[in-house]
Amino acid sequence: MEFENQTFINEFILIGFSQNVLIRSFLFFLFYVIYVLTVLENGFLIYTIIFVSKLHTPMYYFLCNLSFVDLCVSSSTVPQLLITVLSQERRISVVYCLIQMNTALILGGIECLLLAVMAYDRYIAICFPLYYTVIMSWRVCRYITVFMWGGSFLFSSAPTLIKPFVFCRENRLDHFYCEVLAMMELACGDISFYKITIVVVGFFTLFSSPIFILGSYFCIILSILKINSSHGRYKAFSTCASHLIVVFMFFGTSLTMYMGQASFSAYLKYISLNYMVFTPLLNPLIYSLRNNEVKE
């Protein structure tokens, strides 16, 4: 009865960014170059880790997973962004929009868990080096991978499968892709279920993961300070620095978006550019340029 006499919509119009032709042309060129570089960088890093036997360690295994996730994140959003910038129509079906939204949520959840696992891997390698091969065995790595992908799919997709979105009002989506918060603003009826879900899932991913990561690195720093060799301390700090840079980039913008929904709703699409467009571009650069083994 709640939706009686309502006209349900079957497509959205993505508003995107500026309507100015020159600005749109510049943005198309910028995002196109970023996308090409992102694909090449992550593709080459995956290729290098797979085919260089020296890099067949748990640390690089998870780094390969991160590059694959970044490649998927970029490919699931940037092509749509290019169409949105270039096209006058900017229409997208509701079905495709929901698929894109769930894909972004699943990949985002995997990246949260993956960054936490990579912090734990460094914690074991630096604080318990003699037990590293036992604790981080390939069997454990496989179990962790299954948990990351399966857990993220369950937590991210279950809410929309249990109670699917229904759209019957405005079909103009103020974003460059089908982002969940932007879509919630267009949903009909009571959306308190989705708000509660975002808070709960956000606690287990966006809050728990950074706390776990910071705890791991606190223990790592204490262990590094006990190293007598200055060269050893520098090498250990250098190994961890790249991971911390990625953590601050990813979780900083994610927490700003999903934990401050009301305050930053007008800036969602601009904040989204950081972790959907720029982070997948910068991740392989940060890891490869600061890692001697990868550079060799």
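Residues numbered from 1 in each chain as written. Predicted model: local features only at pLDDT ≥ 70, side-chain atom pairs only at ≥ 80, totals over all residues. Heavy atoms only, no water.

We apply this condition: UniProt positions are given in the numbering used here, feature names are shortened, and annotations may be inferred rather than shown by experiment.
Per an unreviewed UniProt entry, the chain goes by the name Olfactory receptor and belongs to Engystomops pustulosus. Comment text from UniProt for the chain, heading Subcellular location (unreviewed entry), reads "Cell membrane". A UniProt comment under Sequence similarities (unreviewed entry) is attached to the chain, and it reads "Belongs to the G-protein coupled receptor 1 family."

### So, the packing of helix α3 (residues 94-127) against helix α7 (residues 192-225)
Rules: Helix axes use the C-alpha atoms of the stretch in contact, all axes being lines fitted to C-alpha atoms, and the angles between their N-to-C directions lie in the range 0 to 180 degrees. Strands here mean DSSP runs of E at least two residues long; helices mean DSSP runs of H or I at least four residues long; both are numbered from the N terminus. Oblique is the label for every angle not falling under 35 degrees (roughly parallel), over 145 degrees (roughly antiparallel), or within 65 to 115 degrees (roughly perpendicular). Here is the rule for handedness: rotate from the far helix to the near one, and if that takes an anticlockwise turn smaller than a right angle the crossing is left-handed, while a clockwise turn gives right-handed. We call two residues in contact when some of their heavy atoms are within 4.5 Å. Each residue is assigned to one class: nonpolar for Ala, Val, Leu, Ile, Met, Phe, Trp, Tyr, Cys and Pro, charged for Asp, Glu, Lys and Arg, and polar for all the others, Gly among them.
Close contact between α3 and α7 brings their axes to 9 Å; oriented N to C, the two are set at 15°. With respect to each other, α3 and α7 are oriented roughly parallel. In this structure, α3 meets α7 at a crossing whose hand is left-handed. Where α3 approaches α7, its residues C112, L113, L115, A116, A119, Y120, R122, Y123, I126 and C127 are matched on the opposing element by T205, L206, S209, F212, I213, S216, Y217, C219, I220, S223 and I224. Looking at the contact of α3 with α7, its residues break down into 16 nonpolar, four polar and one charged.

### Some details on the state of the cysteines
Our working definition: Note on terminology: pairs of cysteine sulfur atoms within 2.5 Å are recorded as disulfides. Accessibility here uses a 1.4 Å probe with only protein chains present; expressed as a share of the type maximum, an area under 20% marks a residue as buried, one over 50% as exposed, and anything in between as partly exposed.
If you walk through the whole model with that rule in mind, you get one disulfide. At a sulfur-sulfur separation of 1.7 Å, the disulfide partner of C97 is C178. The sign of the S-S torsion, about -105°, decides the handedness of the disulfide formed by C97 and C178: left-handed. Remark: C178 occurs in the loop between β3 (172-173) and α6 (180-184) and C97 occurs in helix α3; sequence separation between them is 81 residues. For the residue pair C97 and C178, the accessibility class agrees, reading buried in each case. The thiol sulfur of C219 is not disulfide-bonded, and the nearest other cysteine sulfur, from C127, lies at 6.2 Å.

### Focus on a nonpolar patch on the surface
Test applied: Surface patches are drawn from residues lacking salt bridges whose relative accessible area is over 30%; two like charges belong together within 9 Å, two nonpolar side chains (Val, Leu, Ile, Met, Phe, Trp, Tyr) within 5 Å. To measure how exposed things are, a 1.4 Å probe is used in the Shrake-Rupley method; for residues, cover is taken only from the protein chains shown. Definition used for salt bridges: Asp or Glu carboxyl oxygen within 4 Å of a side-chain nitrogen of Lys or Arg.
Residues L154, F155, I196, V200, F203, F204, F207 and I211 make up a contiguous nonpolar surface patch of roughly 820 Å² in combined accessible area. Broken down by secondary-structure element, the contributors of at least two residues to the nonpolar patch are α5 (138-162) and α7. Take L154: it is sitting in helix α5. Using a relative accessible area of 54% as the deciding quantity, one classes L154 as exposed.

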